[in-house]
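Observations on the three-dimensional arrangement
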Amino acid sequence: MKAFVQDTYGPLDVLRPTDIEQPAVGEDDVLVRVHAAGVDPGVWHLVTGRPYLLRLTGYGLRAPKDRVRGMDVAGSVHAVGRNVTRFRPGDQVFGTCRGSFAEYACTPQSRLAMKPANLDPAQAAAVPTSAFTALQALRDSGRVRPGQRVLIIGAGGGVGTFAVQLAAHVFDAHVSGVCSTGKVELVRSLGADEVIDYTREDFADGTRRWDLILDTAGNRPVGLLRRALTPRGTLVIVGSETKGRWFGGVDRMFRALALGPFVRHRLCGVMSTERAEDLDLLRQYLETGRLTPVIDRTYTFTEIPEAIRYIHEGHAHGKVVATVA
């Protein structure tokens, strides 16, 4: 099969299309014929091996353990292992795997769900990682409740577009979205009650406060964010992007967690987990129209490195997807 393979860390040129063997199907695994693959900002970090802290978390110290990149996948079931009971060949599925930048990908059945009937493969591939993160940041870390005032920073990005919709249409919160000028109308259309253009307005000027802040965009000081919280408000740091070689902004989350026990605010981070029950829940939200993936650009399989480069630039309106077959 064709796949984008990397044998070393480095610039995007280390990714090259190569013919490799199809992955072996374990007893609990599903082999998926990939129709579309989601491209998220984390892919750039896995290709480059930066920040270096990432290499220590199981991805490979000197070289990547997994040669094929890509996590989010949508496609058709090609084969199943002997213990698989939830799927059969021909089923249309979506979920996560290790190696979706390929014609075939293998993954445990627990990481897949039936594709929402109202989505095409490209739309479905845009969902899992970013929607998992948004859901778990709001519900588990943020403990959001109906009627709360929620501020979502980076509301026009991959995680942000899902977070705005979930907060507004699932958790019945009053949603304020922070984004750049070009994304204001998009964020408003997703259900935000208020949209703040950060190029023209300072949300932390002390005139407004929120019960919950989700920072998906990543480099504002924790002290500044706390100034925009209610006295018992919650800050959830979803991600952070800096040029630091060692931590790449993750240290901001560590500092917030260390400060948490000494202040009245709840300061926490989120590391999303691939849960079968959450994927099924997201499927329900998608099929009932409470959640809709926002896709900025769709690339072909051969353009995957360019798709990674574009999403890394940070200007995408929602998600970026690559079609495979």
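Structure: see above.
To start, this report covers the structure provided alongside it.

All right, on to the overall build of the protein chain then. Helices and strands together make up the secondary structure of the protein chain, namely 9 helices and 15 strands. At 19 Å, the protein chain has a C-alpha radius of gyration in line with the 20 Å of a compact globule built from 325 residues. Overall, the protein chain is about 60 × 45 × 35 Å in size when its C-alpha atoms are taken along their principal axes. Classification of the 325 residues of the protein chain by burial places 55% in the buried group.

This part covers the nonpolar core. If you look at the biggest cluster of nonpolar residues, it comprises 51 residues, and the most contacted ones within it are Leu-138, Ile-152, Leu-166 and Leu-214. Mapped onto this core, the elements with two or more residues apiece are α2 (121-125), α3 (128-141), β8 (149-153), α4 (158-170), β9 (174-179), α5 (184-189), β11 (210-215) and α8 (276-287). Examining the composition of this core, we find that 8 residues originate from one element, α4, more than from any other. In this view, Leu-138 contacts Arg-143, Val-144, Val-150, Ala-163, Leu-166, Ala-167, Phe-171, Leu-212 and Leu-214; residues no more than four positions away in its chain are not counted. Core analysis: the next-biggest nonpolar cluster, separate from the first, contains 32 residues, Val-39, Val-43, Cys-97 and Ala-322 among them.

Let us now look at the sheet that holds strand β12 (residues 229-237). Within a sheet, each strand pairs with its neighbour through backbone hydrogen bonds, oriented either parallel or antiparallel. Strand order across the open sheet formed by 6 strands is β10-β9-β8-β11-β12-β13, with parallel pairing between neighbours. Two strands close off the open sheet at either side, each with one partner strand: β10 (194-197) and β13 (266-269). Within the sheet, the average angular offset between the axes of one strand and its neighbour, ignoring direction, is 15°. In terms of strand pairing, β8 meets β11 through 4 bridges, oriented parallel. When the sheet's bridge partners are listed, Ile-153 is paired in β11 with Asp-215.

Looking now at the pattern of salt bridges. A complete count under the given rule lists 17 salt bridges for this structure. With its nearest N and O atoms 2.7 Å apart, the salt bridge here joins Arg-208 to Glu-201. Note on Arg-208: relative accessible area 16%, which makes it buried. In this structure, Arg-297 and Asp-296 form a salt bridge, with 3.7 Å as the shortest nitrogen-oxygen distance. Here Arg-297 falls in the partly exposed class, since its relative accessible area comes to 40%. Connected through salt bridges with shared partners, the residues Arg-139, Asp-140, Arg-275 and Asp-278 form a single ionic network.

Here we take up α3. Residues separated by three or four positions in an α-helix point in the same direction, a consequence of the helix having 3.6 residues per turn. Taking 1.5 Å per residue as the helical rise, α3 with its 14 residues ought to reach 20 Å, and the 18 Å between its terminal C-alpha atoms agrees with that figure. Along α3, 12 of the 14 residues are buried, which leaves the element largely enclosed by surrounding structure. All of the buried residues in α3 are Pro-128, Thr-129, Ser-130, Ala-131, Phe-132, Thr-133, Ala-134, Leu-135, Gln-136, Ala-137, Leu-138 and Ser-141.

Here we come to the state of the cysteines. Scanning the entire structure with this criterion turns up 0 disulfides. The thiol of Cys-106 is not disulfide-bonded; the next cysteine sulfur, from Cys-97, is found 9.1 Å away.

Per the stated rule, a full pass over the model turns up 2 aromatic pairs. Ring geometry for Tyr-299 versus Tyr-310: centroids 6.5 Å apart, planes at 50°, classification tilted. Taken together, the positions of Tyr-299 in strand β14 (residues 295-299) and Tyr-310 in helix α9 (residues 304-312) put the pair 11 residues apart, joining distant regions of the chain. A single burial state applies to Tyr-299 and to Tyr-310, both of which are buried. Sitting over the ring of Tyr-198, Arg-220 keeps its end group 5.7 Å from the ring centre. Geometry around Tyr-310 places Arg-297 over its ring, the cationic atom sitting 3.8 Å from the centre.

Conventions used here
Along each chain, the written sequence defines residue order, and numbers are assigned to residues from 1. Selection of residues for local features in this predicted model requires a pLDDT of at least 70, selection of side-chain atom pairs for listing and counting requires 80 or more, and totals for whole chains, interfaces and linings are taken over all residues. Side-chain descriptors were evaluated using all non-hydrogen atoms of the structure, hydrogens and water having been removed beforehand. Per the convention used, a helix needs a DSSP run of H or I reaching at least four residues, while a strand needs a run of E reaching at least two, with both numbered from the N terminus. In this setup the radius of gyration rests on C-alpha atoms only. A globule is expected at 2.2 Å times the number of residues raised to 0.38. The buried label goes to any residue with under 20% of its type's maximum accessible area, the exposed label to any with over 50%, and the partly exposed label to all in between, with areas taken from a 1.4 Å probe on protein chains only. Within this scheme, the nonpolar core is defined by two criteria: the residues are buried Ala, Val, Leu, Ile, Met, Phe, Trp, Tyr or Cys, and they are joined through side-chain atoms within 4.5 Å. Between two residues, a contact is recorded if the distance between any of their heavy atoms is within 4.5 Å. When DSSP finds two or more bridges between a pair of strands, those strands are recorded as paired. Inter-axis angles, ranging from 0 to 180 degrees, are taken between N-to-C directions of lines fitted to C-alpha atoms, where helices are fitted over the stretch in contact. Within this document, salt bridges are pairs made up of a side-chain nitrogen of Lys or Arg and a carboxyl oxygen of Asp or Glu, the two lying within 4 Å of each other. Here, expected helix span is obtained from the residue count minus one, scaled by 1.5 Å. Note that a disulfide, as used here, is simply two cysteine sulfur atoms within 2.5 Å. Whether two aromatic rings pair depends on their centres lying within 6.5 Å, for rings of Phe, Tyr and Trp, where Trp uses its six-membered ring; planes under 30 degrees apart make the pair stacked, over 60 edge-to-face, and the rest tilted. Charge-over-ring contacts are defined here by two conditions on Lys NZ or Arg CZ: a distance within 6 Å of the ring centre and an angle within 35 degrees of the ring normal.

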